[in-house]
Every structure is written in C-alpha cells, then in structure tokens.
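What follows is the residue order along each chain.
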Amino acid sequence: MLDIGFTELLLVAVIALVVLGPERLPQAIRTTAYWVGKIRRSFQSVKEELEREIDADGIKQQLHNEAVMKELNKTREQFQSQINDLKKSVSIDPAEDQTSSGVNTSSGVDSGSVSGDGSVNQQAVNDTSARLSQEKGSN
C-alpha cells in the first residue's frame, strides 16, 4: 500500500518523541492505532456491502454454469446428430432390402438378417437353407 520502510518509521518515531514527549507519546500511539483500525474496518464493511449488492460470487457461478450448459448442449447436439446418422444407416426400406441383397425375403430370410450395408447375415442364410432342404426332404 504505502512504501514506508524501517528507516522512515524510525524517523517518524523520533520526531514524535521529540514533539510529544515521553508522557503523551503512548496515548498518541493508542489513539492513532484506534483510528487506523476504525478506518480499516469501515473500508472492509463498505467492500463487503458492495460485494453483496453486486453479488460477485453469484455472477461468477452463473457464468460458470452457463459455460457448462453451453458445453453440454454442444455435446448433446453432437450425440443427437450421431444417433440420427446411425438411425439412417440402420433403417432400410424393405423394397431396397430385396433388390440390394438379392435374397427373396419370402423364402425364409427375414429382414433382420440383412445388415445396413446390404450384406446378408451368413448364419441366417445357413438356417434358411437347412429349413428349405428339410421341407424338400419331407415332400
């Protein structure tokens, strides 16, 4: 706050001792300390009152919360777009299903055996072939 060194304090103390004398110096120091403490407390109370009125901590917390919410919304939008992309790639029109895979779904291959890229699940094809051969053998 103030750049007062030891030598300046010593000089002020010597001048005060000479001017006030040894009898009144202790009382002058007590009075000065009292007023300095009172001024500090009043400045501190003014500072606290201003902080309460402007609610600096609340504003800081609100700004932090807004930043977090913005980040969460951004992440939610990214996830939503990825989910929409996955839904588009998974859902295939049944008419496209028959033409892209080359397998007739009425012959036993269900639409769940065709993946999103048009390839046929090999296990489903094997199961269907086994069922068809059993049907031919029983006829």
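Residues numbered from 1 in each chain as written. Predicted model: local features only at pLDDT ≥ 70, side-chain atom pairs only at ≥ 80, totals over all residues. Heavy atoms only, no water.

Enquirer: What should I look at first to understand the overall build of the protein chain in this one?
Expert: A count of helices and strands for the protein chain gives 4 helices and 0 strands. Along the chain direction, N to C, the helices and strands of the protein chain fall in the order α-α-α-α. A buried classification covers 8% of the 139 residues belonging to the protein chain. Summed over all atoms, the accessible surface of the protein chain reaches about 12,000 Å², with 59% contributed by carbon and sulfur. (Helix = DSSP H or I, 4+ residues; strand = E, 2+ residues; numbered from the N terminus. Buried < 20%, exposed > 50% of the residue type's maximum accessible area, 1.4 Å probe, protein only. Areas by Shrake-Rupley, 256 points an atom, 1.4 Å probe, with all protein chains shown as cover.)

Enquirer: When you look at the confidence of the model for the protein chain in this model, what are you seeing that I'm missing?
Expert: Detailed reading of predicted coordinates is not advised where the pLDDT is low. On average, residues of the protein chain carry a pLDDT of 78, and 70% of them reach 70 or more. Helix 1 (residues 6–54) holds the highest mean pLDDT among the elements of the protein chain, 92, whereas helix 3 (residues 94–101) holds the lowest, 52. Here residues 103–114 is a poorly scored stretch, pLDDT under 50, and it has 19 contacts once near neighbours within four places are set aside; other chains count. (pLDDT = per-residue confidence, 0-100. Contact = heavy atoms within 4.5 Å.)

Enquirer: Please explain the packing of aromatic side chains as it appears in this structure.
Expert: Geometrically, a pair of aromatic rings is defined through the distance of the ring centres and the angle of the planes. Counted according to the given criterion, the structure contains 1 aromatic pair. With centroids separated by 5.5 Å and ring planes inclined at 80 degrees, the aromatic side chains of Tyr-34 and Trp-35 adopt a geometry described as edge-to-face. (Phe/Tyr/Trp six-rings, centres within 6.5 Å; stacked < 30°, edge-to-face > 60°.)

Enquirer: Sorry, what's going on with a negative patch on the surface here?
Expert: Taken together, the side chains of Glu-48, Glu-51, Asp-55 and Asp-57 define an acidic patch exposed on the protein surface. By the secondary structure assignment, Glu-51 is in helix 1. Owing to a relative accessible area of 41%, Glu-51 belongs among the partly exposed residues under this scheme. (Patch = residues over 30% accessible without salt bridge, like charges linked within 9 Å, V, L, I, M, F, W, Y side chains within 5 Å. Salt bridge = Lys/Arg side-chain N within 4 Å of Asp/Glu carboxyl O. Lys, Arg positive; Asp, Glu negative; His and termini not counted. Charge placed at Lys NZ, Arg CZ, Asp CG, Glu CD.)

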